[in-house]
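Take a look at the letters that make up each chain.
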Amino acid sequence: MSGIAILLVGAVLCFAGVGSLHVAVLASGFGLGWLLADLLSLSLGTTFLVAAIGAVVVWVATTLIFKFAAFFIGGIAGAVVGAKLSRVLQPDDASWLLSGIVIVALAVACGFIADRYRARALLWLTALGGASLVLTGLGLAIGALSFLEDPNEGSQQFFATLIWIVVAAAGWLTQRRLFPEKLRIDDTRARR
């Protein structure tokens, strides 16, 4: 059940993140809470609670400071990407210090990028963040795909990263097709 829930949240973020900032904020906050709880190896119920609290806290913070919404959404999506990247690059025993540095660095960098480039950056960040949650959800829901959630060194890391890129690219393409007005994509160029 837990894998399916995180898979659904990841799919919403990956394939519809740019469509609604509120949905992107809630999904990013839920995903961040989930991945942080997962790093701490908390129980399933506590993980859901932390993820739900993460979604609400991130949504409230973003709503209160809406002027900086792109920065916060980018920062949260960047933290989701950083948490997944830490999990992929550090298979077995993850270093808390290194994970913290990667997560914070990506959160800050992605926040500034999203603030600067708005919808275009959020398109990439929601696709990458959502894809990371999709992989985690698939790994939790389907035993044969558990390497997607926690890859071991070598080929599992390679394939997990490759699948992450493919799912993110699919999310990017889907969002471009579903929300061209939000991205200010000119249809006349696409027809040529």
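The rules behind each value
Residues numbered from 1 in each chain as written. Predicted model: local features only at pLDDT ≥ 70, side-chain atom pairs only at ≥ 80, totals over all residues. Heavy atoms only, no water. Helix = DSSP H or I, 4+ residues; strand = E, 2+ residues; numbered from the N terminus. Rg over C-alpha atoms; globule rule 2.2 N^0.38 Å. Buried < 20%, exposed > 50% of the residue type's maximum accessible area, 1.4 Å probe, protein only. Salt bridge = Lys/Arg side-chain N within 4 Å of Asp/Glu carboxyl O. Core = buried A, V, L, I, M, F, W, Y, C linked by side-chain atoms within 4.5 Å. Contact = heavy atoms within 4.5 Å. Axes fitted to C-alpha atoms, helices over the stretch in contact; angles between N-to-C directions. Parallel < 35°, antiparallel > 145°, perpendicular 65-115°, else oblique. Left-handed = near helix turned anticlockwise from the far one by under 90°.

1. Regarding the overall build of the chain
If you tally the helices and strands in the chain, you get eight helices and zero strands. Start at the N end of the chain and walk to the C end: the helices and strands fall as α-α-α-α-α-α-α-α. Since a compact globule built from 192 residues should have a radius of gyration of about 16 Å, the 16 Å found for the chain is in line with a globular shape. Expressed as lengths along the three principal axes of its C-alpha atoms, the size of the chain is roughly 50 × 40 × 30 Å.

2. Considerations on unusual backbone geometry
You will see that Ser41, though not glycine, has its phi angle at about 55°, which is positive. Among the structural elements, Ser41 can be located in the loop between helix 2 (21–39) and helix 3 (44–64). Ser41 sits in the exposed class, given a relative accessible area of 64%. At Arg118, a residue that is not glycine, the phi angle is positive and equals roughly 45°. Looking at where Arg118 falls in the secondary structure, it is placed in helix 5 (residues 96–141). Judged by its relative accessible area of 42%, Arg118 falls in the partly exposed class.

3. Remarks on the pattern of salt bridges
All chains considered together, the criterion is met by four salt bridges. Ionic pairing is found between Arg87 and Glu149, a salt bridge with its closest N-O pair at 3.4 Å. On the criterion of sequence distance, the pair formed by Arg87 in helix 4 (residues 69–89) and Glu149 in the loop between helix 5 and helix 6 (155–178) is long-range, its members being 62 residues apart. Here the two residues Arg87 and Glu149 agree in accessibility, since each one is buried. Of the residues examined, Arg87 reaches a relative accessible area of 16% and is grouped as buried. The structure contains a network of salt bridges with shared partners spanning Asp38, Arg87, Glu149 and Asp150.

4. Concerning the nonpolar core
Ranked by internal contacts, the top residues of the largest apolar core, which has 34 residues, are Val18, Phe30, Trp34, Leu35, Leu122 and Leu133. Secondary-structure elements contributing two or more residues to this core are helix 1 (2–16), helix 2, helix 3, helix 4 and helix 5. Looking at this core element by element, the count peaks at nine residues for helix 5. The residues contacting Trp34, other than those within four sequence positions of it, are Ser2, Ile6, Leu44, Thr47, Phe48, Ala51, Thr136 and Leu140.

5. Side note on the packing of helix 1 against helix 2
Contact pair helix 1 / helix 2: the axes reach a minimum separation of 9 Å and the direction vectors enclose 140°. Between helix 1 and helix 2, the angle falls in the class oblique. Classified by chirality, the crossing of helix 2 by helix 1 is left-handed. For the pair formed by helix 1 and helix 2, the contact residues are Ser2, Ile6, Val9, Val12 and Leu13 on the first element and Val23, Ala24, Ala27, Ser28, Phe30, Gly31 and Trp34 on the second.

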